[in-house]
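Chain and residue survey
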Amino acid sequence: AQKVTQAQTEISVVEKEDVTLDCVYETRDTTYYLFWYKQPPSGELVFLIRRNSFDEQNEISGRYSWNFQKSTSSFNFTITASQVVDSAVYFCALSEARGGSQGNLIFGKGTKLSVKP
Amino acid sequence: DAGVIQSPRHEVTEMGQEVTLRCKPISGHNSLFWYRQTMMRGLELLIYFNNNVPIDDSGMPEDRFSAKMPNASFSTLKIQPSEPRDSAVYFCASSFIAGERTDTQYFGPGTRLTVL
């Protein structure tokens with residue numbers, strides 16, 4: 001069965017600190033996708049990144065970076081020099097690339113990040 | 001380009017009433033998903049359509065819930081009769097899925113449903 005675990009329920013940091021959000025996943029599939037979504041206080045779900053299981057290259061986008069390690073089944077997300085606007089709930093998600101459940105997103109419980117000025 | 005459109009954004013109703021939530025997916029997407037978000041259960045998939053056909057409805061809570069997709073640009077999620085435990089935010093998402101190609105799901109703004 002597929003499962004996504006975000007062990008950190010809430011994190012609080014002071015502006016300009018770096019913060020890493022952890023995500024551990026379980027799947028028996030060899031081909032799958034991993035995602036991060038952001039849910040700000042306004043409530044919408046904003047897509048941040050998508051990674052397929054064959055691409056273990058880390059990715060950097062501005063202050064955001066992602067570390068994908070298949071050996072530990074982890075897909076961690078780091079925000080460098082955090083800002084108040086980064087305050088949100090962040091969700092990690094997993095989907096199969098094939099089969100009857102292809103495309104279905106399995107979400108973690110989310111990590112609530114609070115960045116204080 | 002317009003994203004996923006959902007209506008209404010907020011719905012307050014009384015127990016026993018019928019509720020209909022609407023979704024317009026992104027043009028060109030062939031897959032549509034309905035999710036429910038609650039504090040207790042988080043984000044959970046209710047039903048998934050591909051090319052207007054329901055593929056997986058195992059997440060639909062019970063017979064009070066039904067979903068339709070009469071064409072590629074419109075879907076409804078109906079609850080009849082509604083109960084207070086149905087209070088949640090309901091999200092619609094769309095994507096393109098064909099063969100082994102699985103694109104990113106983009107979400108609508110959600111409908112916040114309150115059943116009194």
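Notes on the structure in this doc start here. Given the structure is predicted, the values throughout are model-derived calculations rather than measurements.

**Describing the overall build of chain B**
Helix and strand counts for chain B come out as 0 helices and 13 strands. Each helix and strand of chain B, ordered N terminal to C terminal, gives the series β-β-β-β-β-β-β-β-β-β-β-β-β. What you see for chain B is a C-alpha radius of gyration of 14 Å, in line with the 13 Å of a compact globule of 116 residues. Taken along the three principal axes of its C-alpha coordinates, chain B extends 40 × 30 × 25 Å. Per-residue burial over chain B gives 50% buried out of 116 residues. Considering only intrachain contacts with a sequence separation of at least 6, the fraction spanning at least 24 residues in chain B is 54%. A total accessible area of about 5,700 Å² is found for chain B, and carbon and sulfur atoms account for 50% of it. Computing the positive centroid from 11 side-chain charges and the negative centroid from 13, chain B places the two 4 Å apart.

**Overview of the side chain of Ser 53 of chain A**
Residue and element names in this part refer to chain A. By the element assignment, Ser 53 lies in the loop between strand E6 (46-52) and strand E7 (59-61). A polar side-chain atom of Ser 53 sits 3.1 Å from the main-chain carbonyl oxygen of Thr 30. Among residues more than four places away in sequence, those in contact with Ser 53 are Thr 30, Thr 31, Tyr 32, Phe 68 and Lys 70.

**Description of the pairing of strand E4 (residues 31-38) of chain B**
Burial analysis of E4 of chain B places 8 of its 8 residues in the buried class, the great majority of the element. Neither face of E4 of chain B is left uncovered, since the one carrying Ser 31, Phe 33, Tyr 35 and Gln 37 of chain B and the one carrying Leu 32, Trp 34, Arg 36 and Thr 38 of chain B both have all their residues buried.

**With respect to the nonpolar core**
Counting 23 residues, the largest nonpolar core has Trp 36, Phe 75, Phe 77, Tyr 90 and Leu 113 of chain A as its most contacted members. Those elements giving two or more residues to this core turn out to be strand E2 (10-14), strand E3 (19-21), strand E5 (32-39), strand E8 (64-69), strand E9 (74-79), strand E10 (88-96) and strand E12 (111-116) of chain A. Tallying contributions element by element places E10 of chain A first for this core, with 4 residues. Aside from chain neighbours lying at most four places away, what touches Phe 75 of chain A is Cys 23, Leu 34, Phe 35, Trp 36, Ile 49, Arg 51, Trp 66, Asn 67, Phe 68 and Cys 92 of chain A. Counting residues in hydrophobic clusters, the runner-up holds 21 residues, among them Val 4, Leu 32, Trp 34 and Cys 92 of chain B.

Conventions and cut-offs
- Residues numbered from 1 in each chain as written.
- Chains lettered and ligands numbered in written order.
- Predicted model: local features only at pLDDT ≥ 70, side-chain atom pairs only at ≥ 80, totals over all residues.
- Heavy atoms only, no water.
- Helix = DSSP H or I, 4+ residues; strand = E, 2+ residues; numbered from the N terminus.
- Rg over C-alpha atoms; globule rule 2.2 N^0.38 Å.
- Buried < 20%, exposed > 50% of the residue type's maximum accessible area, 1.4 Å probe, protein only.
- Contact = heavy atoms within 4.5 Å.
- Areas by Shrake-Rupley, 256 points an atom, 1.4 Å probe, with all protein chains shown as cover.
- Lys, Arg positive; Asp, Glu negative; His and termini not counted.
- Charge placed at Lys NZ, Arg CZ, Asp CG, Glu CD.
- Polar contact = N/O pair within 3.5 Å; in protein donor to acceptor, adjacent residues only side chain to side chain.
- Core = buried A, V, L, I, M, F, W, Y, C linked by side-chain atoms within 4.5 Å.

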